[in-house]
Amino acid sequence: MKISKKLLSTVFSGMILCSCSSQGPIDQIISSSLNINNRPVYLRGEMNDYEVSETYRLRKSDDGYCTYATLRTDWSPYKFKFADSDWSEGSNFGFMSGPGVIREGSLPLKLNPDSKFEEISFYPNSDGVYKFCVIKRNGGYYATVYKSSKKLLLSMAQLFKLSKD
């Protein structure tokens, strides 16, 4: 897929214009994020080399606080956690009790917000975009993962790469 420089310029110009308003879309995105101890929480795992990226920041949705990741079945299982940028106590979510596995259609997995090394494993049934969510209920946190109807989700890094091709 080839994206024209004019299209990229239009997208980036719109992003810059939106960020200039103090009550614009950027403020709404940040205020709708999952924040614990005033720190945003991200999906961090093998699908993104455990890096912190705005692409994987958890944001409010009908299903809790969610983000998306493109997965391939031949690379599974995917190990992941939900955490802030410093893996801080209180916002470092791994599984509460073993085995810490989520499969499509499984019940939500109870999370431990003070985990150390308890990564969650996910086995996708097919290649595609998956929605990773944290749900707060009954005084605890739970994780769900399911296939999204989204077909393709490009990150900013992917857009930059495509513009150079």
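Our structure is the block above this text.
First things first, this report covers the structure right here in the doc. All values reported here derive from a predicted model rather than from experimental measurement.

## Quick notes on the nonpolar core
Argument step 1. Counting 25 residues, the largest nonpolar core has Phe80, Phe82 and Phe132 as the members making the most contacts within it.
Argument step 2. The contact partners of phenylalanine 80, leaving out residues within four places of it in the chain, are Leu43, Arg44, Gly45, Met47, Ile102, Glu119, Ile120, Phe122, Phe132 and Val145.

## Overview of the pattern of salt bridges
Argument step 1. Tallied over the entire structure, the rule returns 6 salt bridges.
Argument step 2. Between aspartate 86 and arginine 39 there is a salt bridge whose closest N-O contact spans 2.5 Å. Residue aspartate 86 is located in the loop between strand E6 (78-83) and strand E7 (92-95), and its partner arginine 39 is located in strand E2 (residues 39-40); the two are separated by 47 residues in the primary sequence.
Argument step 3. The network of salt bridges with shared partners includes Arg39, Asp84 and Asp86.

## Focus on the pairing of strand E10 (residues 120-123)
As a general feature of sheets, a regular strand has side chains that alternate between the two faces.
Argument step 1. Here E6 pairs with E10 via 3 bridges, running antiparallel. When the sheet's bridge partners are listed, phenylalanine 80 is paired in E10 with isoleucine 120.
Argument step 2. With 3 bridges connecting them, strand E8 (residues 101-103) and E10 associate as parallel partners. In the strand pairing of E10, isoleucine 102 is matched with phenylalanine 122.

## Things to note about the side chain of serine 121
Argument step 1. Looking at the element boundaries, serine 121 is found in strand E10.
Argument step 2. One polar contact links serine 121 to lysine 79, side chain to side chain, over a distance of 3.2 Å.
Argument step 3. In this structure serine 121 touches Pro77, Tyr78, Lys79, Gly100, Val101 and Ile102, once residues within four positions along its chain are discounted.

## A look at the environment of leucine 111
Argument step 1. Position of leucine 111 among the secondary structure elements: in strand E9 (residues 109-112).
Argument step 2. Along the backbone, leucine 111 and tyrosine 141 are 30 residues apart, and their C-alpha atoms lie at a distance of 5.4 Å.
Argument step 3. Once residues lying within four places of it in the same chain are set aside, the contact partners of leucine 111 are Phe82, Phe93, Gly94, Met96, Ile120, Val134, Tyr141, Tyr142 and Ala143.

## Points about unusual backbone geometry
Argument step 1. The omega angle of the peptide bond from serine 76 to proline 77 is 5°, so this bond is cis rather than trans.
Argument step 2. Here proline 77 lies in the loop between strand E5 (64-71) and E6.
Argument step 3. Each neighbour pair has its own omega, and for glycine 98 with proline 99 the value is 10°, a cis peptide bond.
Argument step 4. Although it is not a glycine, tryptophan 87 sits at a positive phi angle of roughly 55°.
Argument step 5. With respect to the helices and strands, tryptophan 87 occurs in the loop between E6 and E7.
Argument step 6. In this structure tryptophan 87 comes out as partly exposed when scored by relative accessible area, which is 32%.

## Comments concerning the state of the cysteines
Argument step 1. One pass over the structure, following the stated rule, counts 1 disulfide.
Argument step 2. Linked covalently through their sulfurs, cysteine 66 and cysteine 133 form a disulfide whose S-S length is 2.1 Å. Since a negative S-S torsion denotes a left-handed disulfide, the cysteine 66-cysteine 133 link at about 110° is right-handed. Within this pair, whereas cysteine 66 is found in strand E5, its partner cysteine 133 is found in strand E11 (residues 128-137), the two being separated by 67 residues in sequence. Side by side, cysteine 66 and cysteine 133 carry an identical accessibility label, which is buried.

Analysis parameters
All chains use their own residue numbering, which begins from 1 and follows the written sequence. Given that the model is predicted, a residue must reach a pLDDT of at least 70 before its local features are reported, and side-chain atom pairs must reach 80 or more before they are shown or counted; all residues, however, enter totals for whole chains, interfaces and linings. Note that water and hydrogens are dropped before the side-chain values are worked out from all heavy atoms of the structure. Buried residues of nine kinds, namely Ala, Val, Leu, Ile, Met, Phe, Trp, Tyr and Cys, make up a nonpolar core once their side-chain atoms join them within 4.5 Å. Any residue under 20% of the maximum accessible area for its type is buried, any over 50% is exposed, and the rest in between are partly exposed; the area is computed with a 1.4 Å probe on protein chains only. When checking whether two residues touch, look at their non-hydrogen atoms; a contact exists if any pair is within 4.5 Å. For salt bridges, the criterion is a side-chain nitrogen of Lys or Arg within 4 Å of an Asp or Glu carboxyl oxygen. Numbered from the N terminus, helices here are DSSP runs of H or I no shorter than four residues, and strands are runs of E no shorter than two. Only when DSSP finds a minimum of two bridges between them are two strands counted as paired. Under this definition, polar contacts are N or O atom pairs within 3.5 Å; protein pairs additionally need one hydrogen-donor-capable and one acceptor-capable atom, and for neighbouring residues in sequence, both atoms have to be side-chain atoms. The criterion for a disulfide is a pair of cysteine sulfur atoms lying within 2.5 Å.

Everything listed here is a matter of geometry and, on its own, says nothing about what the molecule does.
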